[in-house]
Amino acid sequence: MNRYLRLAPYWFLNFTIGFGWFTLAPLVPELSTRFDVNSASILLLISLYGYTMVAFALLSGYLSARYSVRITLIVSGALSAIGLIARGFSTGYDFLFVFQTVAAIAYPLALGPVGAIAQSVDSRRSHTIVGISVGILFLGMSMGAFLTPYLYSALGKSLTHTFLFDGILALVAFLIVLAVVRDYPVEYAGKSLRGVFRPGMIKNWYVGLVISSLSVMFGGIAANDLISHGASRAVALTSSGSLTGLAFLGSALGAIILPPVFERIGNMRSGMVFSSALTLVSIVFLTYYLAFTADIPVLAIAYFSFGFFGNAFWSMAMTSTTRYVEDPARSGFSTSMYSVATNLGVALIPVFYGPFFLGHSLLGVIITSLLVAVGFFLSFTLVVGSHARSGAVPKAE
C-alpha cells in the first residue's frame, strides 16, 4: 500500500474528531435551552478537548513509544465513536458532559503522537505529514462550525439526529482505522524515553502556546467586542461565528499548504520566518481593527490570515521538536509534550488575558503584538536540521 494512502484513515479520523468537536459551537443557544444550563456550561463542553489534551497527550506519546501507534489510534477511534454516539442520547447535562469527555479524550490520543506517525511513514516529509494531519483536524473543526446549522435544519432541528450524524461519521472512521491499522509500522515500539526532553524545545513550546492561545481567545471575545462597538447581539453572534469559522478554515489551509511547499523546496527556515512574519502582520491588523473599529470585512481577512499563517508556523514548530530525537517513538513523545504546553496556554490565557484585552484596548494591541513578535524572532532559531544522533544537540540550521 502506498505510504501516503495508508495515512488516509488517520486523516479521516482527525477530520471526524474536529467535526464532532465544533458541531457544538453553533448549537450553544439550543443546547442551553435543551439542558437548562447557561452558555458557560456549554462552552465548557467545547473546552474539554483542550483539557483532555493536557491530561492525556503525554500518555498517548508514551503508549506509541512503549507499545505502538496502533494502540493509540484504535483507542482514539473507539472513544470518539462511543462518546459521539452516546451523547446523542443525552437526557441531561451530566450525561452529556460524561460522554463529551469520552469523545474529547480521542483528540490527544490521535494527535499527540503525530510525530511518530510522520517519522515512521516518511521522515523526509515529516513537515508535510504533520501539517496535513493538523490541517485536516482544523478543516473538520471549520466544517463542523459552518455546516452544523444546515445539518440541524435538514435533520428536523433535532439535536439527537445532529449528534448521531457526528457519531456515525466517527464510527465509520473507527472501522476504517481498525481495518487498516495493521499496516502501520510497529518496529519502533518498546523504545526508552530517556533524554527526549531538551531545553531548546521550550522555544517551540512558546510558539505553540502563543499562537493557539490567541486563536482561541480572539474567537471567544469577538462577539463581546463587536457588541461594545454598537453591533446588535444577533449581528455580533453571527459575525463572531463567521470570523471563528474563517480562522479555522485558514488554519486548515495554512497547515496543509505551506509546510509541504517549503519542505519540497528544501528551505524550512524560510518557511518559518515567512509564516511567522505574516502571522505578526495579521495579528497587528486583527487586534487594531477589533479593538478600535470592528470593521467586519477587514476582520474577516485578518482572522483568516492569522489562522492561515499562524497555524502553518504552529505546525512547523511542532515538527521541529522531532529534530531533537532520532527515532519515531521518541518523536511521538516530543510532539505530545508540545501539545501539552500548547493546550496549557489555551486553558489559561484566554480566561485571564481575554477580559484584559477587552478592557484595555491599546495596551492589549501592544502586548499581543509583542507576544507574537517574540515568536517571529524565535523563528530564526528553531531547529530545522537533521535529527540528533548519539545524544548530540541538533543545530538551528
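Basis of the calculations
Residues numbered from 1 in each chain as written. Predicted model: local features only at pLDDT ≥ 70, side-chain atom pairs only at ≥ 80, totals over all residues. Heavy atoms only, no water. Core = buried A, V, L, I, M, F, W, Y, C linked by side-chain atoms within 4.5 Å. Buried < 20%, exposed > 50% of the residue type's maximum accessible area, 1.4 Å probe, protein only. Helix = DSSP H or I, 4+ residues; strand = E, 2+ residues; numbered from the N terminus. Contact = heavy atoms within 4.5 Å. Patch = residues over 30% accessible without salt bridge, like charges linked within 9 Å, V, L, I, M, F, W, Y side chains within 5 Å. Areas by Shrake-Rupley, 256 points an atom, 1.4 Å probe, with all protein chains shown as cover. Salt bridge = Lys/Arg side-chain N within 4 Å of Asp/Glu carboxyl O. Phe/Tyr/Trp six-rings, centres within 6.5 Å; stacked < 30°, edge-to-face > 60°. Lys NZ or Arg CZ within 6 Å of the ring centre and 35° of its normal. pLDDT = per-residue confidence, 0-100. Axes fitted to C-alpha atoms, helices over the stretch in contact; angles between N-to-C directions. Parallel < 35°, antiparallel > 145°, perpendicular 65-115°, else oblique. Left-handed = near helix turned anticlockwise from the far one by under 90°. Nonpolar A, V, L, I, M, F, W, Y, C, P; charged D, E, K, R; others polar. Expected span 1.5 Å × (residues − 1).

Moving on: the nonpolar core. Tyr10, Ile17, Leu31, Tyr49, Tyr107 and Leu111 are the most contacted members of the largest nonpolar core, which totals 83 residues. It is helix 7 (residues 126-154) that provides the largest number of residues to this core, a total of nine residues. Each residue touching leucine 31, except ones within four places of it in the same chain, is listed here: Leu24, Asp36, Ile42, Leu159 and Phe163. Counting residues in each nonpolar core, the second largest holds 25 residues, with Phe218, Leu226, Leu299 and Val372 among its members.

Take a nonpolar patch on the surface next. Taken together, the side chains of Tyr288, Phe292, Leu362, Ile366 and Leu370 present a nonpolar region at the surface, about 490 Å² in accessible area. Elements that contribute at least two residues to the nonpolar patch include exactly helix 11 (268-292) and helix 14 (361-378). Among the elements that make up the nonpolar patch, the one with the highest residue count is helix 14 (three residues). With respect to the helices and strands, the residue leucine 362 is situated in helix 14.

The next subject is the packing of aromatic side chains. Under the criterion given, the structure shown has 22 aromatic pairs. Ring centres 5.3 Å apart and planes at 45° place the aromatic pair tryptophan 21 and phenylalanine 22 in the tilted group. Residue classification places tryptophan 21 among the buried positions, given a relative accessible area of 9%. Take phenylalanine 22: its relative accessible area is 10%, and that puts it in the buried class. Here the basic side chain of arginine 87 rests over the ring of phenylalanine 163, its NZ or CZ set 4.3 Å away from the ring centre.

Overall, the predicted model of the protein reaches an average pLDDT of 83, with 87% of residues at or above 70. Within the protein, helix 6 (residues 114-122) has the poorest average pLDDT of any element, 72, and helix 14 the best, 95. In this model residues 388-393 is a low-confidence stretch, pLDDT under 50, and it forms eleven contacts with partners more than four residues away in sequence or in other chains.

Bringing the packing of helix 1 (residues 8-22) against helix 4 (residues 69-87) into the picture now. Relative orientation of the contacting elements helix 1 and helix 4 amounts to 30°, with a least axis distance of 11 Å. In terms of their interaxial angle, helix 1 and helix 4 are classed as roughly parallel. Where helix 1 crosses over helix 4, the handedness of that crossing is left-handed. Across the interface between the two elements, Tyr10, Leu13, Thr16, Ile17 and Gly20 from helix 1 touch Leu73, Ser76, Gly77, Ser80, Leu84 and Arg87 from helix 4. When grouped by side-chain class, the residues that make up the contact of helix 1 with helix 4 number five nonpolar, five polar and one charged.

Looking now at the packing of helix 1 against helix 5 (residues 93-111). Two elements in contact, helix 1 and helix 5, have axes whose closest approach is 10 Å; the angle formed by their N-to-C orientations is 150°. On the basis of the axis angle, helix 1 is roughly antiparallel to helix 5. The way helix 1 lies across helix 5 gives a crossing that is left-handed. When helix 1 is examined against helix 5, the residues Tyr10, Leu13, Asn14, Ile17 and Trp21 are found in contact with a partner set consisting of Ala106, Tyr107, Ala110 and Leu111. Here the contact of helix 1 with helix 5 is built from residues that sort into eight nonpolar, one polar and no charged.

Residues spaced three or four apart along an α-helix face the same direction, because each turn holds 3.6 residues. Compared with the 27 Å implied by 1.5 Å per residue over 19 residues, the 27 Å span of helix 4 between its first and last C-alpha is a close match. Looking at helix 4, one finds that the buried residues are Val69, Thr72, Leu73, Ser76, Gly77, Ala78, Ser80, Ala81, Gly83, Leu84, Ala86 and Arg87.

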